[in-house]
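# Coordinate inspection notes
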Amino acid sequence: MRVILPMPGNEKLARALALDAGAELGVVEARRFPDDEAYVRVLSDVRGKDVDVVCTLARPDPQFLSLVFVANTIRELGARTITLVAPYLAYMRQDKRFKDGEAVTSVHFARLLSSAFDRLITVDPHLHRRNSLDEIYSIPTNVAHAAPLLADWIKANVENALVVGPDGESEQWVSAVADRAGAAHVVLSKRRFGDRNVEIKVPDLTGMRGRQPVLVDDIVSSGRTMIEAGRLVEAQGFQSAYCLVVHALLAEDSYAALTAHFARVVSTDTVPHASNAISVVGLLNEGR
Ligand code: R5P
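Residues numbered from 1 in each chain as written. Predicted model: local features only at pLDDT ≥ 70, side-chain atom pairs only at ≥ 80, totals over all residues. Heavy atoms only, no water.

### A word on the site of the ligand
We apply this condition: Think of it this way: one heavy atom of a residue within 4 Å of a molecule or strand is enough to make that residue near it. Within 3.5 Å is the distance limit for a polar contact, defined as a pair of N or O atoms, with the added protein rule that one can donate a hydrogen and the other accept it, and that residues adjacent in sequence qualify only through two side-chain atoms. Note on areas: these come from Shrake-Rupley sampling with a 1.4 Å probe, and a residue is covered only by the protein chains present in the view. The distinction between a cavity and a pocket rests on a 1 Å grid over the protein atoms alone: a 1.4 Å probe fits inside a cavity but cannot get out, while a pocket stays open yet meets protein on both sides within 12 Å along at least five of seven lines, and a residue with an atom within 4 Å of a point counts as lining. Cavities and pockets are treated as containing a molecule whenever more than half of the molecule's atoms lie within 2 Å of their grid points. Elements are defined by DSSP. Helices are runs of H or I of four residues or more, strands are runs of E of two residues or more, and each kind is numbered from the N terminus. Note on residue classes: Ala, Val, Leu, Ile, Met, Phe, Trp, Tyr, Cys and Pro are nonpolar, Asp, Glu, Lys and Arg are charged, and everything else, Gly too, is polar.
In the vicinity of the ligand, 14 residues are found, and the nearest of them are Asp217, Asp218, Ser222, Gly223 and Thr225. One nitrogen or oxygen atom from the side chain of Lys190 is found 2.9 Å from an oxygen atom belonging to the ligand. Contact between the ligand and Ser221: an oxygen atom at 2.8 Å from a main-chain N or O atom of the residue. Burial of the ligand by the surrounding chains reaches 89%, relative to a free accessible area of 380 Å². The pocket occupied by the ligand, as judged from atoms lying within 2 Å of grid points, is the largest pocket. Listing elements by their share of the shell around the ligand, those giving two or more residues are strand E11 (189-194), strand E13 (212-220) and helix H6 (224-234). It is E13 that provides the largest number of residues to the shell around the ligand, a total of four residues. Split into classes, the residues belonging to the shell around the ligand amount to two nonpolar, five polar and seven charged.

### Comments concerning the layout of surface pockets
Over the atoms rolls a probe the size of a water molecule, and its path tells where empty space is left. Test applied: Grid points are joined across faces, edges and corners, and a volume is the space filled by probe spheres set on the points.
Here the largest pocket is characterised by a volume of approximately 1700 Å³. Taken together, 45 residues form the lining of the largest pocket, with Arg93, His126, His128, Arg192 and Ile219 sitting closest to its centre. By residue class, the composition of the lining of the largest pocket is 18 nonpolar, twelve polar and 15 charged. Empty space within the second largest pocket amounts to approximately 190 Å³. What lines the second largest pocket is Gly9, Asn10, Glu11, Lys12, Leu13, Ala16, Thr56, Asp269, Thr270, Pro272, Asn276 and Val281. At four residues, helix H1 (residues 11-21) tops the list of elements feeding residues into the lining of the second largest pocket. A breakdown of the residues in the lining of the second largest pocket according to their chemical character gives four nonpolar, five polar and three charged.

### What about unusual backbone geometry?
So the rule is basically this: Working definition: with a 1.4 Å probe on protein chains only, accessible area under 20% of the residue-type maximum means buried, over 50% means exposed, and in between means partly exposed.
For Tyr91, which is not a glycine, the phi torsion comes out positive at approximately 55 degrees. By relative accessible area, Tyr91 is classed as partly exposed at 30%.

### A closer look at the packing of H6 against helix H7 (residues 254-261)
We count it as follows: Axis geometry follows a simple rule: fit a line to the C-alpha atoms, using only the stretch in contact for helices, then measure angles between N-to-C directions, giving values from 0 to 180 degrees. For classification purposes, angles smaller than 35 degrees are called roughly parallel, those larger than 145 roughly antiparallel, those between 65 and 115 roughly perpendicular, and all remaining angles oblique. Working rule for handedness: look at the near helix, and if it is turned counterclockwise from the far one by less than a right angle, call the crossing left-handed; if clockwise, right-handed. The contact criterion used is simple: two residues touch if any of their non-hydrogen atoms lie within 4.5 Å.
Packing of H6 against H7 brings their axes to within 10 Å, and their N-to-C directions diverge by 15 degrees. Taken as axis vectors, H6 and H7 run roughly parallel relative to one another. Remark: the crossing between H6 and H7 carries left-handed chirality. In contact with Met226, Ile227, Gly230, Arg231 and Glu234 of H6, H7 contributes Ala257, Leu258 and His261. When its residues are assigned to classes, the contact of H6 with H7 shows four nonpolar, two polar and two charged.

### Details of the environment of Leu43
Within the fold, Leu43 resides in the loop between strand E4 (38-42) and strand E5 (50-54). Its relative accessible area of 43% is what places Leu43 among the partly exposed residues. Those residues in contact with Leu43, other than ones at most four positions away along the chain, are Val27 and Glu29.

### Considerations on the packing of helix H4 (residues 147-157) against helix H5 (residues 171-181)
Here H4 crosses H5 at 45 degrees, and the two axes come no closer than 8 Å. In terms of orientation, H4 lies oblique with respect to H5. For H4 against H5, the interelement crossing comes out right-handed. Here H4 contributes Ala147, Pro148, Leu150, Ala151, Asp152, Ile154 and Lys155 to the contact with H5, which in turn contributes Trp173, Val177, Arg180 and Ala181. Looking at the contact of H4 with H5 residue by residue, the class counts come to eight nonpolar, no polar and three charged.

### As for the sheet that holds strand E6 (residues 81-86)
The following threshold applies: Should DSSP find at least two bridges between two strands, the strands are regarded as paired.
Ordered by their spatial adjacency, six strands build an open sheet running E2-E1-E5-E6-E7-E8, and the pairing between neighbours is parallel. A single partner strand is all that each edge strand has here, and the edge strands are strand E2 (24-25) and strand E8 (141-144). Both E6 and strand E7 (residues 119-123) contribute to a ladder of four bridges, which runs parallel. Residue pairing for E7: Leu84 is matched across the bridge by Leu120. Here helix H2 (residues 60-76) sits on the sheet and contacts strand E1 (2-6), E5 and E6; the angle it forms with E6, its principal contact strand, is near 155 degrees.

Structure representation (structure tokens):
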């Protein structure tokens, strides 16, 4: 028997996962004591069951302890297996000690999660210098890929699309999206100088004029990459671009900046947000 247990804020996705899989939807009570310590209580019967804890890790710090407390409690209550379903997996960027004394947080975070859960399911983790999550996670990991979903969205919603990847790293991914969507594609080059400072170079797109640019990326955080790429593409004589992203982290006021710039801003529901238009429910249940 499978129980799907949402951490606070993940109820919508968990309900859809349970419905799709014919699984039981569990309940966790979570609140804060007056001094901000976390209180959690597992209200579902988990003894002997396979429990999926659903918790996207878009803003992991405030919820991390509660997540581990829930995992530990489920284990004490006799669950058979405990899987973390984290549609967005945090702490992937700092995968190397760039400067003396820096924390390599991707390794530390992986170690912490691996000690609390039996398995991890996620969507398109941002692997920079790693080939696989298995290099840092000691538990089995299942990685689902959203590229086919983005491609199908483009096919259904955009005529004559030009799929644009903002950086060289995205080449393979972007060409796969474009091929499946039956669209053209181009990949830009990007250099990052700081959290909100990127330089992007765009090749000559004269031959692509008349197409609808669709910028695709795995993550939008500050929004600087997408906005700068969109601005430079449009400067070559294109109409206002679409912005299509897997993980809508959308820090601070970036969503307002994106909606002011792009004709459409669309994301998958790995991170709950007003821009969600593509569901990863089927993808996550297949990965199960
Ligand atoms: C980086 O390699 C990623 O693919 C994204 O391009 C990046 O995380 C976007 O960040 P921001 O929205 O802050 O420019």
